[in-house]
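# What the coordinates show
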Amino acid sequence: QHNVPIITGSTLNEGTLYLMNEKNLSIKKYNSFLKSRFAKHAASASAMFPVRNESEVAPAIDKILTVAANAEPARFVAQSMETKKSKAYLFQFSRRPDTVLARKTGVHHGAELAYVFGNMTQADGYDELDRLISDKMMNYWVNFARAGNPNGPNLPVWPSYDLQSDLNLEFSDTISVNTQ
């Protein structure tokens, strides 16, 4: 891993985009999914992400994809930076805009990109709070591009990642530091 600062993170519903066209998600399909993903650890995965009926299958798969394929790999990358001098900054994005896609899929994979780049309009469903969060996110990313550190004036402090504290910055209706 190169010794350069990084920003890494995930969204609240990383799996929903992949599930939106899925039909008939049965418990049988869920168990097959678990076996294909976790092999001999499928029973453990099932215990961590249980389903009791078919209406719980899609949310469980979303949670697995969020945690196992995105959030924990981002955390792993941030943790691995502890062997380097450069810092890592970990985030979770959980702000759900009122866009057509987000009403269907929640805080889907890539939902944060409109905020990072300020690519949002009221006609698409973004409101003033979305714009305020976007302004702060753009400032964080510009500061990071400029100096390798996202922090700057008029921004909540974004702590660099530390394995012991496990802190990350959550972009939701507010911007705050958390450990989840």
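Here the structure is shown first, and the text comes after it.
Here the structure is a predicted model, which means the values were calculated and not measured.

### Brief notes about the overall build of the protein chain
A count of helical and extended segments in the protein chain gives seven helices and four strands. In sequence order, the protein chain lays out its α and β elements as β-α-α-α-α-β-α-α-α-β-β. Taken along the three principal axes of its C-alpha coordinates, the protein chain extends 50 × 45 × 25 Å. Expressed as a percentage of the 180 residues in the protein chain, the buried residues total 44%. A total of about 10200 Å² of accessible surface is found on the protein chain, and carbon and sulfur atoms cover 53% of it. Here the protein chain carries 19 positive and 18 negative side-chain charges, and the mean point of each set is 7 Å from the other.

### Let's talk about the nonpolar core
Soluble globular proteins tend to pack their nonpolar side chains together in the buried interior. Counting residues in hydrophobic clusters, the biggest one holds 20 residues, and the most contacted among them are Phe-93, Tyr-115, Met-137, Tyr-140, Trp-158 and Phe-171. Looking at this core, the elements that each hand over two or more residues are β2 (88-93), α6 (113-117), α7 (128-147) and β3 (168-171). Per-element tally for this core: the top contributor is α7, with four residues.

### Points about unusual backbone geometry
Positive phi is not limited to glycine here, since Ala-39 has a value of about 45°. Considering the arrangement of structural elements, one finds Ala-39 in the loop between α2 (27-38) and α3 (42-48). For Ala-39, a relative accessible area of 53% gives the class exposed. For Asn-154, which is not glycine, the phi dihedral falls at a positive 65°.

Calculation criteria
Residues numbered from 1 in each chain as written. Predicted model: local features only at pLDDT ≥ 70, side-chain atom pairs only at ≥ 80, totals over all residues. Heavy atoms only, no water. Helix = DSSP H or I, 4+ residues; strand = E, 2+ residues; numbered from the N terminus. Buried < 20%, exposed > 50% of the residue type's maximum accessible area, 1.4 Å probe, protein only. Areas by Shrake-Rupley, 256 points an atom, 1.4 Å probe, with all protein chains shown as cover. Lys, Arg positive; Asp, Glu negative; His and termini not counted. Charge placed at Lys NZ, Arg CZ, Asp CG, Glu CD. Core = buried A, V, L, I, M, F, W, Y, C linked by side-chain atoms within 4.5 Å.

Interpretation note: all reported values are geometric properties and have no functional meaning in isolation.
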